[in-house]
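# Overview (structure and organization)
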Amino acid sequence: MYYVLYGFFYLISLLPFWLLYSISYIAYLLIYYVIKYRKNVVLSNLAIAFPDKTNEERKRIAKKFYKNFTDNFIEVIKLFSLSPAQLQKRMTWDYEFLDKYYKEKRNVQLHLGHFFNWEYANLSVSLASKFSVLVVYMPIANKAMDKVFIKLRTRFNAKMIGATTFLKDFKPYSKEQSCLVFVADQNAGHYNLAYWLPFFGKMVPFVTGPEKTARLNNSVCVYAKFKKIKRGYYHADLIEITTSPRQLAEGEITKRTRGLIEENIREQPEDYLWTHRRWKRTFDPAKHRAL
């Protein structure tokens, strides 16, 4: 099944962008107007994040989001055959920002949010960075599909670190100078152990792994603030969170990351992944750790 899936995606990826984006637009119409995939979840999330906006304003954001959502899938499929030169043209970074830490022999942690197109980001940083790039990911339940995405995400020599098997997977690379990539707004698996913070005014659990790993490795923490330039083209502004994680109070790295993600969302709300239920858990002060 792995070879069937990989071959299928690779063949589709050979289609030109203009045709793929035409397919994306048809998919948007079906998903938004006919299937209505997670439409209630998206609108509910937008109501929590933007209570000051009208229903019509939130619907406009939702429509733009769904167009970006289907574009994202098309762009990920295109990555199966996209050339390195095209990828670097479509996803730009300030690599000198990271290079200075490489020269200082520091480890770096790159914190991302679920912004389009994070798959472009994962591949492009492993293509151009001088660091050994380690990407922390949540395994896909379907083993064949999981293998396909591991193959895709390691096209340019990134190493994959399973979030659920982090210590085992990270150990072989613990002595290397590395850039460890986290999608830092993942839903926490263990809610009683998570850091609970207000996110757009409502308490949600944040994973503790990025902060704990930063302290353990004394890593420079950097936030990648994504901007969509135009269809299929993205840029990441790199913002230093801290160069001294061990000197900060517990939870401060997570707080700063949360603030940057919120700011990023407010600037381009249609580029954030609204289909995941970020506010589905209820905060219980007797059980949960608030920061």
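Chains are numbered independently. Their residues run from 1 in the order of the written sequence. Given that the model is predicted, a residue must reach a pLDDT of at least 70 before its local features are reported, and side-chain atom pairs must reach 80 or more before they are shown or counted; all residues, however, enter totals for whole chains, interfaces and linings. Computation of side-chain values: all heavy atoms of the structure, hydrogens and water removed.

### Focus: the sheet that holds strand β6 (residues 195–199)
Taken together, the 3 strands give an open sheet; going across it, the order is β7-β6-β10, and neighbouring strands pair in mixed fashion. Each edge of the open sheet carries a strand with a single partner, namely β7 (202–206) and β10 (289–290). By the convention used here, strands pair only if DSSP detects at least 2 bridges between them. Secondary structure elements are taken from DSSP: a helix is a run of H or I of four residues or more, a strand is a run of E of two residues or more, and numbering for both begins at the N terminus. Pairing analysis gives 5 bridges linking β6 to β7, with the strands arranged antiparallel. Paired with phenylalanine 199 across the strands is lysine 202, a residue of β7.

### Considering the packing of helix α2 (residues 17–35) against helix α4 (residues 55–78)
Where α2 contacts α4, the two axes come as close as 9 Å, and the packing angle between them is 135°. Considered as vectors, α2 and α4 are oriented oblique to each other. Seen along the crossing, α2 lies across α4 with a hand that is right-handed. In this structure, α2 uses Phe17, Leu20, Tyr21, Ile23, Ser24, Tyr25, Ala27, Tyr28, Ile31, Tyr32 and Tyr33 to contact α4, whose residues at the interface are Lys59, Ala62, Lys63, Tyr66, Lys67, Thr70, Asp71, Ile74, Glu75 and Lys78. Under the scheme applied here, ten amino acids are nonpolar (Ala, Val, Leu, Ile, Met, Phe, Trp, Tyr, Cys and Pro), four are charged (Asp, Glu, Lys and Arg), and all others, including Gly, are polar. Here the contact of α2 with α4 is composed, by residue class, of 13 nonpolar, 2 polar and 6 charged. Where helices are involved, their axes are fitted lines through C-alpha atoms of the stretch in contact, as for all axes, and angles between N-to-C directions lie from 0 to 180°. Each angle is binned into one of four classes, with values under 35 degrees roughly parallel, values over 145 roughly antiparallel, values of 65 to 115 roughly perpendicular, and all other values oblique. The hand of a helix crossing depends on one turn: near helix anticlockwise from the far one by less than a right angle means left-handed, and clockwise means right-handed. Contacts are assigned to residue pairs that have any heavy atoms within 4.5 Å of one another.

### What about the environment of tyrosine 137?
Note that tyrosine 137 resides in strand β3 (residues 132–137). By relative accessible area, tyrosine 137 is classed as buried at 13%. Leaving out residues up to four positions away in the same chain, tyrosine 137 has contacts with Asp146, Ile150, Arg153, Met160, Ile161, Gly162 and Ala163. Whether a residue is buried, partly exposed or exposed follows from its accessible area with a 1.4 Å probe, protein chains only, as a fraction of its type maximum: under 20%, in between, or over 50%, in that order.

### Examining the packing of aromatic side chains
Each aromatic pair joins two rings of Phe, Tyr and Trp (for Trp, the six-membered one) with centres within 6.5 Å, and gets the label stacked for planes under 30 degrees apart, edge-to-face for over 60, and tilted for any other angle. Inspection of every chain in the model, using the stated rule, returns 34 aromatic pairs. With 5.4 Å between their ring centres and 65° between their planes, tyrosine 32 and tyrosine 66 make a pair best called edge-to-face. Taken together, the residues tyrosine 32 in helix α2 and tyrosine 66 in helix α4 connect sequence positions 34 residues apart. Both residues of the pair, tyrosine 32 and tyrosine 66, count as buried.

These results come straight from atomic positions and should not be treated as a statement about function.
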